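# Working through the structure, step by step
Residue strings, one per chain:
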Amino acid sequence: MSEKGHSHGDPHSHSEAGKTNKEVWDEKSGDYDADSKDFVEKAIPCLSNLLAASGVKGFDKDRRALDFGAGTGNLAIPLSKLCGHVTAVDVSPGMLKVLQQKIKGSDEEKRIEVLCCELKPGGNNPIEPNSFDVVLCSMVLHHVPDMKAILKMFKAFLKPNGLLFVYDFAIETKTKEKLEDKKDVFSLGFTPMSLLELVQGCGFRVVQSSNVFSFGFKEFNFPVIATVGINDSMLKPKGTKTKPAHKNRISHPSFTVCKVPCILI
């Protein structure tokens, strides 16, 4: 994972002058859950509903998920109630220590693997291709300088027909004002269509891209987009040749959505 990014619900907590992103998030780890409370309360049921709509529902001991930028595990923990194994990746040891404290002695501790490292596209990563049924990227993408490279890395990590789930800021005036001076921010937000096109261009079949909720932080509210893509092995990133579909594709039902405004493909 690039030090440019990390999952959160706090639009103010980005890299500060003279400090690495890891150092900033280590320092904020103690207050992080309180700052992210409203985001988490809304993100968990929306995540559950949209995953269920595409067939990821009920516990499956063989289901594997990656939470890229897991932070203190606010979404990795509910994911572990659906998946037999969740890999929670973050560059901040302080954030992951909070996660480990939360799950110590619980059933979730047996299902969540904590991995403190930087995953890099094309790098020597400790994750094998075709390893996951679900990849979650929550509020991280706007930190990443090469978003297409990261999304293609996720495609490589996913099994054929596995699901990519992305949360990120919807572009609007207040979000732009809060993000535009941050040195580690490479997008001032997305529209449902711009995020759809970005994900689709990296070889995913997008089944959902919509504004799903707004979360409060101090006196402000920030809108959030959810985009869901399927790693359809018949689709390839732009500029690559198409190969025959993988014989062990994961099956998904017809996609229906929760009660939110959406773009369906």
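Higher on the page you've got the structure.
What comes next concerns the included structure.

Calculation criteria
- Residues numbered from 1 in each chain as written.
- Predicted model: local features only at pLDDT ≥ 70, side-chain atom pairs only at ≥ 80, totals over all residues.
- Heavy atoms only, no water.
- Salt bridge = Lys/Arg side-chain N within 4 Å of Asp/Glu carboxyl O.
- Helix = DSSP H or I, 4+ residues; strand = E, 2+ residues; numbered from the N terminus.
- Buried < 20%, exposed > 50% of the residue type's maximum accessible area, 1.4 Å probe, protein only.
- Polar contact = N/O pair within 3.5 Å; in protein donor to acceptor, adjacent residues only side chain to side chain.
- Core = buried A, V, L, I, M, F, W, Y, C linked by side-chain atoms within 4.5 Å.
- Contact = heavy atoms within 4.5 Å.
- Pairing = 2+ DSSP bridges.
- Axes fitted to C-alpha atoms, helices over the stretch in contact; angles between N-to-C directions.

### Remarks on the pattern of salt bridges
- Inspection of the entire model under this criterion finds 8 salt bridges.
- Between Asp38 and Lys42 there is a salt bridge whose closest N-O contact spans 3.2 Å. Taken as a pair, Asp38 and Lys42 lie in helix α3 (residues 37-53) at a separation of 4 residues, close to a single helical turn.
- For Asp38, a relative accessible area of 24% gives the class partly exposed.
- Among the residues examined, Lys42 registers a relative accessible area of 32% and is labelled partly exposed.
- Where Lys81 meets Glu108, a salt bridge forms, and the shortest distance between an N and an O atom there is 2.5 Å.

### Details of the side chain of Ser54
- Mapped onto the secondary structure, Ser54 falls in the loop between α3 and β1 (60-68).
- The buried category is assigned to Ser54, whose relative accessible area is 1%.
- At a separation of 3.4 Å, a polar atom in the side chain of Ser54 contacts the main-chain carbonyl oxygen of Leu50.

### Quick word on the nonpolar core
- Counting residues in each nonpolar core, the largest one holds 40 residues, and the members touching the most others are Phe39, Leu51, Phe165, Tyr167, Phe213, Phe215 and Val224.
- Going through the elements one at a time, α3, α4 (76-79), β2 (83-90), α5 (93-103), β4 (132-138), β5 (158-169), β6 (205-217) and β7 (220-230) are the ones with two or more residues in this core.
- Excluding residues within four positions of it along the chain, Leu51 makes contact with Val56, Leu79, Leu82, Val134, Leu163 and Phe165.
- Counting 32 residues, the second largest nonpolar core, distinct from the first, contains Leu115, Leu119, Met153 and Ile225.

### Points about the sheet that holds β1
- Spatial ordering of the open sheet is given by β3-β2-β1-β4-β5-β7-β6, a layout of 7 strands whose pairing is mixed. Since the sheet does not close on itself, it has two edges, and those belong to β3 (112-116) and β6, each with one partner. Here the average twist between neighbouring strands, direction ignored, is 15°.
- Along the sheet face, α3 touches β4, β5, β6 and β7 and points at about 160° away from the line of β6.
- Contacting β1, β4 and β5, helix α7 (residues 147-157) runs over the sheet at an angle of about 145° to β5.

### Comments concerning the environment of Asn125
- Counting through the fold element by element, Asn125 comes out in the loop between β3 and β4.
- Given a relative accessible area of 15%, Asn125 falls into the buried group.
- When near neighbours in sequence (up to four residues on either side) are disregarded, Asn125 contacts Glu118, Leu119, Lys120, Met153 and Phe157.
- In terms of polar contacts, Asn125 uses its side chain to reach the backbone carbonyl oxygen of Lys120, at 2.7 Å.

### Comments concerning the pairing of β6
- Across 11 bridges, β6 lies against β7 in antiparallel orientation. In the strand pairing of β7, Ser209 is matched with Thr227.
- Where β6 hands over to β7, the hairpin turn is made up of 2 residues, of which Lys218 adopts a positive phi near 55°.

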